[in-house]
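Each chain, letter by letter, is given below.
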Amino acid sequence: MAAEPKKLDDLFLDTLKDIYFAEKQILKALPKMARAATSPEVKKAFETHRDETETHVERLAEVFELLGKAPRGKTCDAILGIIDEGKSIIEEFEGSPAIDAGLVAAAQAVEHYEIARYGTLKTWANELGLKQAVTLLDQTLSEETKTDQLLSKIGISSANKKAA
């Protein structure tokens, strides 16, 4: 008998596993980025976002629970590549006046990836009638957007000027 074609709920679960893996990797990367930052403002932004990221992982676990699934990640090559770029910035610009600008840019690449994923998941959850998931995903999407805006502000107000 032929396998059922995959549908939106399968895609939703697959993408949920992707962002769960990504958030776990981000949790590991943020302390390293905070240590590499020279600006107290950049350090604080990374430390604050690490705490928020723990909450994001908890919310994702709730979404898995709503689906009757155990929280499980699926290797996400995209986030691994983005995090590797951040590691390269740390290695290449450590001790340089440009380190904070580079770290802010690397963190924004992560944020933009997360914003794209959470926006998509929220839309799909809505389509699938998963109202509680929509609420949870929207909370995280809002926080990721605020973090991106904060990073832009830090970059414009100080990090980029210091790098110049």
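For the structure, see preceding data.
About the cut-offs
Residues numbered from 1 in each chain as written. Predicted model: local features only at pLDDT ≥ 70, side-chain atom pairs only at ≥ 80, totals over all residues. Heavy atoms only, no water. Helix = DSSP H or I, 4+ residues; strand = E, 2+ residues; numbered from the N terminus. Buried < 20%, exposed > 50% of the residue type's maximum accessible area, 1.4 Å probe, protein only. Contact = heavy atoms within 4.5 Å. Areas by Shrake-Rupley, 256 points an atom, 1.4 Å probe, with all protein chains shown as cover. Lys, Arg positive; Asp, Glu negative; His and termini not counted. Charge placed at Lys NZ, Arg CZ, Asp CG, Glu CD. Phe/Tyr/Trp six-rings, centres within 6.5 Å; stacked < 30°, edge-to-face > 60°. Salt bridge = Lys/Arg side-chain N within 4 Å of Asp/Glu carboxyl O. Core = buried A, V, L, I, M, F, W, Y, C linked by side-chain atoms within 4.5 Å. Axes fitted to C-alpha atoms, helices over the stretch in contact; angles between N-to-C directions. Parallel < 35°, antiparallel > 145°, perpendicular 65-115°, else oblique. Nonpolar A, V, L, I, M, F, W, Y, C, P; charged D, E, K, R; others polar. Expected span 1.5 Å × (residues − 1). Arc of directions from axis to C-beta.

A closer look at the overall build of the protein
Piece 1. A tally of helices and strands in the protein yields five helices and zero strands.
Piece 2. The N-to-C order of helical and strand elements in the protein reads α-α-α-α-α.
Piece 3. With respect to the three principal axes, the spread of C-alpha positions in the protein is 60 × 30 × 20 Å.
Piece 4. Split into buried and exposed, the 164 residues of the protein put 41% on the buried side.
Piece 5. Of the contacts formed within the protein by residues at least 6 apart in sequence, a portion of 80% connects residues at least 24 apart.
Piece 6. Roughly 9,000 Å² of accessible area belongs to the protein as shown, and the carbon and sulfur atoms make up 53% of that amount.
Piece 7. Within the protein, the 28 negative side-chain charges are centred at a point lying 1 Å from the centre of the 22 positive side-chain charges.

Observations regarding the packing of aromatic side chains
Piece 1. Enumeration over the complete set of coordinates arrives at one aromatic pair.
Piece 2. Both rings, one in Tyr20 and one in Phe64, keep their centres 5.4 Å apart while their planes meet at 80°; by these two values the pair is edge-to-face. With a gap of 44 residues between them, Tyr20 in helix α1 (residues 8-36) and Phe64 in helix α2 (residues 40-66) connect regions that are remote in the sequence. The pair Tyr20 / Phe64 is uniform in exposure class, with both members buried.

Points about the side chain of Lys17
Piece 1. Locating Lys17 in the fold gives a position in helix α1.
Piece 2. Despite its burial, Lys17 remains without a salt bridge, the nearest opposite charge being carried by Asp14 at 5.8 Å.
Piece 3. Beyond its immediate stretch of four places on either side in the chain, Lys17 contacts Phe64, Arg72, Gly73 and Lys74.

Quick notes on the nonpolar core
It is characteristic of soluble globular proteins that their nonpolar side chains tend to be buried jointly.
Piece 1. Counting residues in hydrophobic clusters, the biggest one holds 47 residues, and the most contacted among them are Phe46, Ile79, Leu103 and Leu137.
Piece 2. Elements supplying a minimum of two residues to this core: α1, α2, α3 (77-93), α4 (99-127) and α5 (131-163).
Piece 3. For this core, the element with the most residues is α1, which contributes 14 residues.

Quick look at the packing of α3 against α4
Piece 1. At a minimum axis separation of 9 Å, α3 and α4 run at an interaxial angle of 175°. Overall, the two elements α3 and α4 adopt an arrangement that is roughly antiparallel. Contact residues: Ala78, Ile79, Ile82, Gly86, Ile89, Ile90 and Phe93 in α3; Ile99, Gly102, Leu103, Ala106, Ala109, Val110 and Tyr113 in α4.
Piece 2. Residue composition of the contact of α3 with α4, grouped by class: 12 nonpolar, two polar and no charged.

Focus: α3
Piece 1. Helix length check: α3, at 17 residues, gives a terminal C-alpha distance of 24 Å against a target of 24 Å (1.5 Å per residue), a fit within 8%.
Piece 2. Every buried residue belonging to α3 is among Ile79, Ile82, Ile83, Gly86, Ile89 and Ile90, and all of these are buried. Buried residues of α3 fall within an arc of 105° about the axis and therefore sit on the same side. Summarising the geometry of α3, the exposed residues directed more than 90 degrees from the buried face are Asp77, Glu85, Glu91 and Glu92.
Piece 3. Next to the buried residues of α3 lie α1 and α4.
Piece 4. Just downstream of α3 lies Gly95, where phi reads positive at about 85°.

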